[in-house]
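Examining the three-dimensional arrangement
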Amino acid sequence: MALPVSFEFFPPKTPEGAEKLRAVRQQLYGQKPEFCSVTYGAGGSTQQGTFDTVGAILAEGVDAASHFSCIGATKASVREQLTTLKAMGVKRLVALRGDLPSGYGIGGEFHYASDLVAFIRAETGRDFHIEVAAYPEVHPQAKSPESDLQAFATKVRAGADSAITQYFYNSDAYFRFVDEAQKVGVDVPVVPGIMPITSSTQLMRFSDACGAEIPRWIRLRLQAYGDDIASIKAFGLDVVTDLCDQLRNAGVPALHFYTMNQSVATLEIVKRLELG
């Protein structure tokens, strides 16, 4: 049976970036994604770009999910944005607390993603399929693994339909997280987030920022390749394809690829898995 896939993009900042992303999307649509999601900048800073990109994907005949963060938002502003998205034909949201813009304290009327999920459900009923984030290796700001698991359970109980994880390279972390979630009564689908490896410096930077663990053997191999981009990419394809294979064999509900607005690595992984 084919495993559903979905792809994540970020809103381009320039007309050239928008053109390039359009071409990338066309290449990835051949894999018949269940949906494509579009990220949202810190404090909602890319809102217009996010909504424009979501609109473009919908116009291309593909289901689009808008990321939707609530830091600094008011109930009135969220209500207005929900009305806009509904009018656009959006049926899926990725509800997040979101990152604080630098220098800001937590403002607005929502402090947690669970507050946002509950508000969306109360305002719009079942109009949207709501995804939330999950952290197999624990959210970097969580006080403890237990409090992080409880925060996840609270989001789901507030009305989330499914979850997408932060990326990881240790499948055991994912399996343990799903087991622990089920033990506290959370049984929504938890879709693994997959980050192709195409650059070691970029990967290290992202992982340090978001708390994703790079296993020591991967880190050492990447360091050993130095500036040999071809070897890094070949190694990255092998590692991530193998990870996806383990996840598929264990019966995960789908795979969600963080494309970084590139198509080559994601396409190659999907083709190796014979998902397309």
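Now for a quick tour of the structure. Model, not experiment: these values are computed from the prediction. (Residues numbered from 1 in each chain as written. Predicted model: local features only at pLDDT ≥ 70, side-chain atom pairs only at ≥ 80, totals over all residues. Heavy atoms only, no water.)

**Some details on the side chain of T165**
In plain terms, the rule: The secondary structure listing takes helices from DSSP runs of H or I that are at least 4 residues long and strands from runs of E that are at least 2 residues long, numbered from the N terminus. Distance and chemistry together define a polar contact, namely a pair of N or O atoms within 3.5 Å, with one atom able to donate a hydrogen and the other to accept it when in protein, and with adjacent residues in sequence counting only for side-chain atoms on both sides.
Mapped onto the elements of the fold, T165 is located in strand 6 (residues 162-167). At 2.8 Å, the side chain of T165 and the backbone nitrogen of G193 are in polar contact.

**Details of the layout of surface pockets**
Formally: A pocket, in this scheme, is an open set of points on a 1 Å grid over the protein atoms alone with protein on both sides within 12 Å along at least 5 of 7 lines, while a cavity is a set where a 1.4 Å probe fits but cannot get out; residues line either one if an atom lies within 4 Å of a point. Grid points are joined across faces, edges and corners, and a volume is the space filled by probe spheres set on the points.
Of the voids in this model, the second largest pocket is the one considered here, and its volume is about 320 Å³. Lining of the second largest pocket is provided by 18 residues; of these, T198, K233, Q262, V264 and A265 occupy positions nearest its centre. Only helix 9 (229-249) and helix 10 (264-272) provide two or more residues apiece to the lining of the second largest pocket. In terms of residue count, helix 10 provides more of the lining of the second largest pocket than any other element does, four residues in total.

**Focus on helix 3 (residues 75-88)**
To be explicit about the condition: Here, expected helix span is obtained from the residue count minus one, scaled by 1.5 Å. Only protein chains enter the accessibility calculation, which uses a 1.4 Å probe. A residue is then buried if its area is under 20% of the maximum for its type, exposed if over 50%, and partly exposed in between. This arc is built from the directions going out from the helix axis to the C-beta atoms. By the convention used here, residues are in contact when the closest approach between their heavy atoms is within 4.5 Å.
In this model, helix 3 (14 residues) spans 20 Å end to end at C-alpha, consistent with the 20 Å of a helix rising 1.5 Å per residue. Every buried residue of helix 3 is accounted for by V78, Q81, L82 and L85. All buried residues of helix 3 fall inside an arc of 105° around its axis, so they share one side. Turned more than 90 degrees off the buried face of helix 3, the exposed positions are E80, T83 and A87. On the buried face of helix 3, the contacting elements are helix 2 (47-59), strand 3 (64-69), strand 4 (92-96) and helix 4 (113-124). Note on helix 3: the residue one or two positions beyond its end, G89, has a positive phi of about 95°.

**Observations concerning the side chain of Q166**
If you trace the backbone, Q166 turns up in strand 6. Overall, the relative accessible area of 19% leaves Q166 in the buried class. Apart from the residues lying within four places of it in its own chain, the contact partners of Q166 are A134, Y135, P136, G193, C210, A212 and Y258.

**Considering helix 6 (residues 171-183)**
Count 3.6 residues to each turn of an α-helix, and residues three or four apart come out pointing the same way. Its 13 residues give helix 6 an end-to-end C-alpha distance of 19 Å, which sits within 8% of 18 Å, the value for a rise of 1.5 Å per residue. Packed against the buried residues of helix 6 are strand 5 (129-134), helix 5 (145-157), strand 6, strand 7 (190-194) and helix 9. A side-chain oxygen of the first residue of helix 6 lies 3.0 Å from the backbone nitrogen of D172; this N-cap is N170. Phi turns positive one or two residues past the end of helix 6, at G185, with a value near 90°.

**What about the environment of Y174?**
By the secondary structure assignment, Y174 is in helix 6. Residues Y174 and I130 lie 44 residues apart in sequence; the distance between their C-alpha atoms is 21 Å.

**As for empty space enclosed by the protein**
Let me state the cut-off plainly: By the convention adopted, Pro, Cys, Tyr, Trp, Phe, Met, Ile, Leu, Val and Ala count as nonpolar, Lys, Arg, Asp and Glu as charged, and the other residues, Gly among them, as polar.
Using the criterion set out here, one finds two cavities of 30 Å³ or more in the structure. In this model, the largest cavity occupies a volume close to 40 Å³. Grouping the constituent residues of the lining of the largest cavity by class yields five nonpolar, three polar and no charged. Its volume calculated, the second largest cavity comes out at about 30 Å³. Y135, P136, E137, V138, Q166, Y167, C210, G211 and A212 together form the lining of the second largest cavity. Class assignment for the residues of the lining of the second largest cavity results in six nonpolar, two polar and one charged.

**Some words on the pairing of strand 1 (residues 5-9)**
In plain terms, the rule: When DSSP locates at least two bridges between a pair of strands, those strands are taken to pair. When the strands point away from the viewer and the path from the first strand over the helix to the second turns clockwise, the crossover is right-handed.
For strand 1, the buried fraction is high: five of the five residues fall into the buried class. Of the two faces of strand 1, the one lined by V5, F7 and F9 and the one lined by S6 and E8 are each fully buried. Bridge count between strand 1 and strand 8 (residues 255-258): four bridges; the pairing is parallel. Bridge pairing in strand 8 places E8 opposite Y258. With four bridges joining them, strand 1 and strand 2 (residues 35-38) adopt parallel strand pairing. Residue pairing across strands places S6 opposite F35, the latter belonging to strand 2. In this fold, the crossover linking strand 1 to strand 2 by way of helix 1 (residues 15-29) has right-handed handedness.

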